[in-house]
Amino acid sequence: MKKYFVKPGDTLSAIAKRFYNKASKWKELAIFNKLQEPDRLSVGETLFIPENDHLNQPKHTRSIPLVTRSQLKYIQPDILDNDINRYLDPLNQMMDRYDITSSIRKAHFLAQVLEESMCFRYTEENLYYSPSRLMQIFGHHFGSLSEAKSYAENPIKTANRVYANRLGNGDETTGDGWRYRGRGLIQLTGKNNYKAFTLHSGSNFLNAPDGVSNDPLIAVQVATWYWKLEGLNALSDNDDLIGITKRINGGLNGLDKRRKLCEKAKHVMGVN
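Summary of the structure given here.

About the thresholds
- Residues numbered from 1 in each chain as written.
- Predicted model: local features only at pLDDT ≥ 70, side-chain atom pairs only at ≥ 80, totals over all residues.
- Heavy atoms only, no water.
- Helix = DSSP H or I, 4+ residues; strand = E, 2+ residues; numbered from the N terminus.
- Rg over C-alpha atoms; globule rule 2.2 N^0.38 Å.
- Buried < 20%, exposed > 50% of the residue type's maximum accessible area, 1.4 Å probe, protein only.
- Contact = heavy atoms within 4.5 Å.
- Areas by Shrake-Rupley, 256 points an atom, 1.4 Å probe, with all protein chains shown as cover.
- Phe/Tyr/Trp six-rings, centres within 6.5 Å; stacked < 30°, edge-to-face > 60°.
- Lys NZ or Arg CZ within 6 Å of the ring centre and 35° of its normal.
- Salt bridge = Lys/Arg side-chain N within 4 Å of Asp/Glu carboxyl O.
- Expected span 1.5 Å × (residues − 1).
- Axes fitted to C-alpha atoms, helices over the stretch in contact; angles between N-to-C directions.
- Parallel < 35°, antiparallel > 145°, perpendicular 65-115°, else oblique.
- Left-handed = near helix turned anticlockwise from the far one by under 90°.
- Nonpolar A, V, L, I, M, F, W, Y, C, P; charged D, E, K, R; others polar.

1. Looking at the overall build of the chain
- Along the backbone of the chain there are 15 helices and 2 strands.
- Whereas a compact globule of 272 residues would reach a radius of gyration of roughly 19 Å, the chain reaches 20 Å, a difference of no more than 12%.
- Principal axes of the C-alpha set define a box for the chain whose edges measure 65 × 50 × 30 Å.
- Expressed as a percentage of its 272 residues, the buried residues of the chain come to 46%.
- Looking at the chain alone, contacts between residues at least 24 apart form 60% of all its contacts between residues at least 6 apart.
- For the chain, the computed accessible surface area is about 13500 Å², with 48% contributed by carbon and sulfur atoms.

2. Structural notes on the packing of aromatic side chains
- Throughout the structure, instances matching the rule amount to 9 aromatic pairs.
- With a centroid separation of 5.2 Å and 55° between ring planes, the pair formed by Phe197 and Trp225 is classed as tilted. Linking Phe197 in helix α10 (residues 191–201) with Trp225 in helix α12 (residues 216–229), this pair joins segments that are 28 residues apart in sequence. In this pair, the class of Phe197 matches that of Trp225, namely buried.
- Through a chain of ring-to-ring contacts, the aromatic side chains of Tyr129, Phe138 and Tyr163 assemble into a single cluster.
- Just above the ring of Trp178 sits the side chain of Arg181; from NZ or CZ to the centre is 3.6 Å.

3. Regarding the pattern of salt bridges
- In total, this model carries 14 salt bridges according to the counting rule given.
- In this structure, the salt-bridge partner of Arg258 is Glu116, at a minimum N-O distance of 2.8 Å. Placement of the pair is Arg258 in helix α15 (residues 255–269) and Glu116 in helix α5 (residues 103–116), with a sequence separation of 142 residues.
- Since its relative accessible area comes to 2%, Arg258 is described here as buried.

4. Some words on helix α8 (residues 155–162)
- Within α8, the full set of buried residues consists of Thr158, Ala159, Asn160, Arg161 and Val162.
- Looking at the buried positions of α8, the neighbouring elements they touch are α6 (131–138), α7 (145–149) and α9 (176–179).

5. As for helix α4 (residues 81–97)
- Helix length check: α4, at 17 residues, gives a terminal C-alpha distance of 25 Å against a target of 24 Å (1.5 Å per residue), a fit within 8%.
- Of the positions making up α4, those classed as buried are Asp83, Ile84, Tyr87, Leu88, Pro90, Leu91, Asn92, Gln93, Met94 and Met95.
- The secondary structure elements touched by the buried residues of α4 are α2 (26–32), α3 (69–75), α5 and α12.
- Once α4 finishes, Asp99 follows within two positions and takes phi at roughly 65°, a positive value.

6. A closer look at the packing of α5 against α15
- Interhelical geometry of α5 versus α15 gives an angle of 140° and a closest axis separation of 8 Å. Compared by their axis directions, α5 and α15 come out oblique. Helix-helix and strand crossings are classified by hand; for α5 and α15 the assignment is right-handed. Along the contact surface, α5 presents Ser103, Ile104, Lys106, Ala107, His108, Leu110, Ala111, Gln112, Leu114, Glu115 and Glu116, while α15 presents Lys257, Arg258, Leu261, Cys262, Ala265, Lys266 and Met269.
- Of the residues that constitute the contact of α5 with α15, the class distribution is 9 nonpolar, 3 polar and 6 charged.

Okay, here's the thing in structure tokens:
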């Protein structure tokens with residue numbers, strides 16, 4: 001899916017002609033973007049331009065949503081209402097698109113994204129660490145506690161160190177570590193992954209990586225795309241919480257919290 005910012009003189013039919021080579025597609029484009037007055041576009045307004053095979057589908061094609069406000073509140077009562085408002089519609093849209101539709105898949109997915117994002121509060125990696133915490137998490141990147149102290153409480157410097165020369169990033173001096181730090185509900189990290197998501201989505205997040213964390217729809221899409229790409233639907237079908245956690249986290253950090261969230265999600269989703 002691409003994003004398009006309306007320019008002076010734009011009409012919906014002209015935009016449809018540009019992207020689909022068929023001006024008559026303006027009606028479907030209007031439905032997809034839920035435009036109340038499609039003949040009155042505002043300069044700077046954001047339109048979502050889906051691939052042609054998704055164009056005839058409105059954002060919600062299901063009479064019953066995949067996940068509801070009350071279900072999210074049951075799974076994690078600490079979720080703020082404003083965060084539910086931001087993410088509920090994107091969750092339903094993207095979970096549907098990436099086949100996270102059965103009760104067991106929904107339960108595992110929601111448990112993981114709630115833990116990864118701390119109840120939808122954060123869509124960007126926090127790299128502000130004390131020296132001792134740096135050694136605990138990224139100790140193999142530092143020769144000593146003394147060296148870690150020179151990076152502590154400096155997120156930019158820390159990111160450029162711990163993500164240097166891996167995941168497609170250059171060395172510390174390139175700034176790739178900070179530029180391609182983790183973003184999204186399941187954090188997209190590293191230049192190679194931003195490049196892969198750019199190719200998949202059709203929007204250039206390689207040059208504009210902040211778009212991954214700033215747009216709720218994209219923050220969710222990154223998570224659902226990664227989920228399906230890594231075969232986590234299949235692991236969910238097997239109820240493999242540990243396998244899913246390892247692929248997302250790289251270890252088993254927060255496993256007890258993930259398990260508790262997953263059990264509550266299973267209950268509210270009706271998993272036997």
